[in-house]
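# A structural walkthrough
Okay, here's what each chain looks like letter by letter:
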Amino acid sequence: MDISPWFNQFTNDMIITLLTGERSYTMAGYFNELSDDEKAERPSALVDETVKFVHAIRKHLMGLLIFQFVSPFLRHYFPYFKNKSDDIIQNIEFINQRMDAIIKRRRQEIENTPLDKPLQNDMLTSIITANTPRDINYNKINDKEVMRPMTDPELRGIIFDGIINGTDTTANTISFIIYYLAHYPDVKKKMLNEIDRIFQDDKTRPITENDIHNLKYCEAIVKEVSRIFSIVNSLPRCLEKPDEIGGYQWPAETIIRINIDAIHHNEEYWEEPDKFNPDRWIVEGFEPKKNSFIMFGGGLRVCPGRKLAMIELVCLMALLFRKYEIDLIDKEAPLKTESGVLTACTELLVEIKLRN
Ligand code: HEM
């Protein structure tokens with residue numbers, strides 16, 4: 001099977017559920033799309049609804065470019081561009097309506113829950129209740145602007161950012177992990193030893209927080225794959241004031257791109273930078289030099305989903321490999337990727353068997 005689109009559906013469902021507290025069924029939708037006779041045991045209306053929502057988000061991402069690169073004049077007066085941009089605007093209206101309905105429903109649920117009763121554990125609930133009497137930090141800060149509860153468009157923006165940034169990033173990273181494990185059998189063996197030591201023969205028990213702390217080698221693999229093959233290959237920054245970079249003077253407002261790949265492969269920071277070696281991360285006391293490992297960016301705009309992403313990836317590795325044997329169909333085949341804002345895996349043909 002081509003496992004890469006499955007990872008996309010999985011991380012989509014996962015992030016939507018974590019952020020909004022609503023179940024998402026794009027995996028079921030993808031199963032139904034591929035299978036002629038057997039269908040997923042999920043209510044088809046729910047499946048169709050989530051698939052439509054996720055398609056709309058993808059369409060929005062692709063369509064946004066028209067507002068960046070096509071002038072307002074062309075968008076308003078040339079039917080081809082006008083139809084395209086109207087379509088994208090209609091699409092975002094659909095996304096907003098769907099998000100607003102979720103927010104409204106959750107606000108009502110929160111209002112109907114007595115103050116001493118627990119609420120759902122999802123990000124939407126946390127950000128709706130932030131700066132309200134349910135917030136444990138309520139009244140601790142005096143700044144009125146910081147202390148006001150968030151408006152619906154603000155809530156929508158946060159959830160939307162999370163869905164967009166939290167899907168393809170983790171999905172492609174796990175695809176690259178599978179690829180590297182298939183090419184480095186010693187690393188894979190060491191990883192399986194760690195997983196088997198922790199889970200023994202239990203292939204179904206839920207993962208605990210302790211397990212996550214103990215899956216140190218899995219974490220090292222995630223970091224090493226991301227160092228050697230970072231899915232985000234550069235970071236944009238805008239110079240606030242004139243500055244010297246690379247021996248040249250640049251005026252304020254210059255947009256620069258920080259080359260993550262070059263930093264991750266720089267001999268000044270890494271021993272044998274081109275060698276895939278997860279063990280470097282588990283050497284006692286090892287800490288990468290400041291700003292030399294930036295898979296999640298850095299500074300004020302550092303990825304807010306970095307801890308979640310690590311937990312998700314480590315858990316996914318343990319869940320998959322404690323139960324299944326996964327190998328590439330053709331180890332000689334080059335990794336198929338496409339680079340844009342991030343480097344995406346376009347196909348990963350694997351064979352999956354139950355582990356005995
Ligand atoms: C392996 C997975 C991930 C990678 C490699 C990754 C990487 C990045 C990078 C490089 C940035 C830019 C940081 C900067 O400019 O300094 C970023 C930003 C961001 N990420 Fe992630 N990310 C991952 C997962 C996630 C997840 C799971 C979420 C959501 C829960 C998320 C949400 C965001 C958001 C909202 C931003 C924008 C932050 C801002 O501009 O202030 N990311 N991510």
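Looking at an unreviewed UniProt entry, one finds the chain named Cytochrome P450, with Rhizophagus irregularis as its source organism. According to the UniProt record, the Cofactor (unreviewed entry) comment for the chain is "heme".

Another aspect to go through is the overall build of the chain. Helix and strand content of the chain: 14 helices and 8 strands. Relative to the compact-globule value of 21 Å for 356 residues, the chain shows a C-alpha radius of gyration of 23 Å, a close match. Dimensions of the chain, computed from the C-alpha atoms along their principal axes, are close to 60 × 55 × 55 Å. Going through the 356 residues of the chain one by one, you find that 39% of them count as buried. Sequence-distant contacts in the chain: of pairs separated by 6 or more residues, those separated by 24 or more amount to 64%.

Okay, the coordination of the iron atom of the ligand next. Its sole protein donor being C303 (SG), the iron atom of the ligand sits 2.3 Å from that atom. Assignment of secondary structure puts C303 in the loop between α13 (260–264) and α14 (306–323).

Attention now goes to the site of the ligand. The environment of the ligand is made up of 23 residues, and the closest members are N165, R237, G298, R301 and C303. N165 places a main-chain nitrogen or oxygen 3.5 Å from a nitrogen atom of the ligand. R301 is positioned such that a nitrogen or oxygen atom in its side chain is 2.6 Å from an oxygen atom of the ligand. Elements represented by at least two residues in the shell around the ligand include exactly α9 (152–183), β1 (234–238) and α14. Of all the elements, α9 adds the most residues to the shell around the ligand, at 6 residues. The residue inventory of the shell around the ligand, partitioned by class, reads 12 nonpolar, 9 polar and 2 charged.

Below, the discussion takes up the nonpolar core. Ranked by internal contacts, the top residues of the largest apolar core, which has 47 residues, are M191, I221, F321 and L348. Elements represented by at least two residues in this core include exactly α9, α10 (185–199), α12 (216–228), α14 and β5 (324–328). If near-sequence neighbours (up to four positions away) are discounted, I221 is found in contact with I177, L181, V187, M191, P278 and M317.

The next thing to look at is the environment of I16. One can find I16 in helix α1 (residues 4–20). Residues I16 and I159, spaced 143 residues apart in sequence, show a C-alpha to C-alpha distance of 8.5 Å.

Tallying each qualifying case throughout the model produces 15 aromatic pairs. Here the aromatic residues Y179, Y180, Y184 and F276 are joined through ring pairs into a cluster of three or more. Positioned above the aromatic ring of W270 is the side chain of R227, whose terminal nitrogen or guanidinium carbon lies 5.1 Å from the ring centre. Here the basic side chain of R322 rests over the ring of F199, its NZ or CZ set 4.9 Å away from the ring centre.

With that settled, consider the confidence of the model for the chain. Residues with a pLDDT of 70 or more make up 99% of the chain, whose mean pLDDT is 93. The spread of mean pLDDT over the elements of the chain runs between helix α8 (residues 144–147), the lowest at 72, and α12, the highest at 98.

Moving on: the packing of α1 against helix α3 (residues 44–63). Interhelical geometry of α1 versus α3 gives an angle of 105° and a closest axis separation of 12 Å. On the basis of their axis angle, the class for α1 and α3 is roughly perpendicular. For the pair formed by α1 and α3, the contact residues are N8, N12 and I16 on the first element and F53, V54 and R58 on the second.

It is worth spelling out the state of the cysteines at this point. In the structure shown here, the tally under the stated rule is 0 disulfides. In this structure C218 is not part of a disulfide, and its nearest cysteine sulfur, from C315, lies 9.6 Å away. For C345, which is in no disulfide, the shortest distance to another cysteine sulfur is to C218 and amounts to 20 Å. Taking relative accessible area as the criterion, C345 reaches 8% and is therefore assigned buried.

A separate point is the pairing of strand β6 (residues 336–339). Relative to strand β7 (residues 343–347), β6 is paired through 4 bridges, and the arrangement is antiparallel. Considered in β7, the bridge of E338 is made with A344.

A word on a negative patch on the surface. Negative charge collects at one region of the surface, where D36, D37, E38 and E41 lie side by side. The topology assignment puts D36 in the loop between α2 (26–34) and α3.

On the surface, L61, M62 and L64 cluster together into a nonpolar patch covering about 290 Å² of accessible area. Tracing the chain through its elements places L64 in the loop between α3 and α4 (65–69). Under the relative-accessibility criterion, L64 is labelled partly exposed at 37%.

This next bit is on the side chain of R75. With respect to the secondary-structure elements, R75 resides in helix α5 (residues 72–77). The side chain of R75 is buried and forms no salt bridge, while D86, the nearest opposite charge, is found at 8.4 Å. In contact with R75, other than residues within four places in its own chain, are I66, F67, V70, F81, K82 and S85.

Secondary-structure assignment places K188 in helix α10. Leave out the neighbours within four places in its chain, and K188 touches L181, F321, I326 and D327.

The rules we used
Within any chain, residue numbers begin from 1 and follow the written order of that chain's sequence. Totals for whole chains, interfaces and linings use every residue, but because this is a predicted model, local features are given only for residues with pLDDT of at least 70 and side-chain atom pairs only at 80 or more, for both listing and counting. To get the side-chain values, all heavy atoms of the structure are used, and hydrogens and water are removed first. UniProt positions are given in the numbering used here, feature names are shortened, and annotations may be inferred rather than shown by experiment. Strands are runs of DSSP state E lasting at least two residues, helices are runs of H or I lasting at least four, and both sets are numbered from the N terminus onward. For the radius of gyration, the atoms used are the C-alpha atoms, and the globule rule reads 2.2 Å times the number of residues raised to 0.38. Each residue is placed in one exposure class: buried if its accessible area under a 1.4 Å probe, protein chains only, is under 20% of its type's maximum, exposed if it is over 50%, and partly exposed if it falls in between. Any two residues having at least one pair of non-hydrogen atoms within 4.5 Å are treated as being in contact. Distances up to 2.8 Å from the metal define which N, O and S atoms are donors, and 3.2 Å serves for Na, K and Ca; water is absent from the atom set, so sites may look incomplete. For this purpose, a residue is taken to be near a molecule or strand whenever a single non-hydrogen atom of the residue falls within 4 Å of it. As used in this structure description, the phrase polar contact means that two N or O atoms lie within 3.5 Å; if the pair is within protein, one of them must be able to donate a hydrogen and the other to accept it, and residues adjacent in sequence are counted only when both atoms belong to side chains. Polar here means any residue other than Ala, Val, Leu, Ile, Met, Phe, Trp, Tyr, Cys and Pro, which are nonpolar, and Asp, Glu, Lys and Arg, which are charged; Gly is therefore polar. Definition of nonpolar core: a set of buried residues of the types Ala, Val, Leu, Ile, Met, Phe, Trp, Tyr and Cys, connected through side-chain atoms within 4.5 Å. Aromatic contacts are taken between Phe, Tyr and Trp rings whose centres are within 6.5 Å, Trp giving its six-membered ring; a plane angle under 30 degrees counts as stacked, one over 60 as edge-to-face, and the others as tilted. Note on criteria: charge over ring means Lys NZ or Arg CZ within 6 Å of the ring centre, with the direction from the centre no more than 35 degrees off the ring normal. Per residue, pLDDT measures the predictor's confidence, with a range of 0 to 100. Lines are fitted to the C-alpha atoms to define the axes, a helix being fitted only along its stretch in contact, and any angle between axes, read from their N-to-C directions, falls within 0 to 180 degrees. Should an angle lie under 35 degrees it is considered roughly parallel, over 145 roughly antiparallel, and from 65 to 115 roughly perpendicular; all remaining angles are considered oblique. Any pair of cysteine sulfurs within 2.5 Å is marked as a disulfide. If DSSP finds at least two bridges between two strands, the strands pair. Only residues whose relative accessible area exceeds 30% and that take part in no salt bridge are eligible for patches, with like-charged residues grouped when within 9 Å of each other and nonpolar side chains (Val, Leu, Ile, Met, Phe, Trp, Tyr) grouped when within 5 Å. Shrake-Rupley sampling with a 1.4 Å probe provides the accessible areas, and residues are treated as covered by the protein chains on show and by no other component. The term salt bridge refers to a pairing of a side-chain nitrogen on Lys or Arg with a carboxyl oxygen on Asp or Glu at a separation within 4 Å. The convention is simple: Lys and Arg are positive, Asp and Glu are negative, and His and the chain ends are not counted. The atoms used to mark charge sites are NZ of Lys, CZ of Arg, CG of Asp and CD of Glu.

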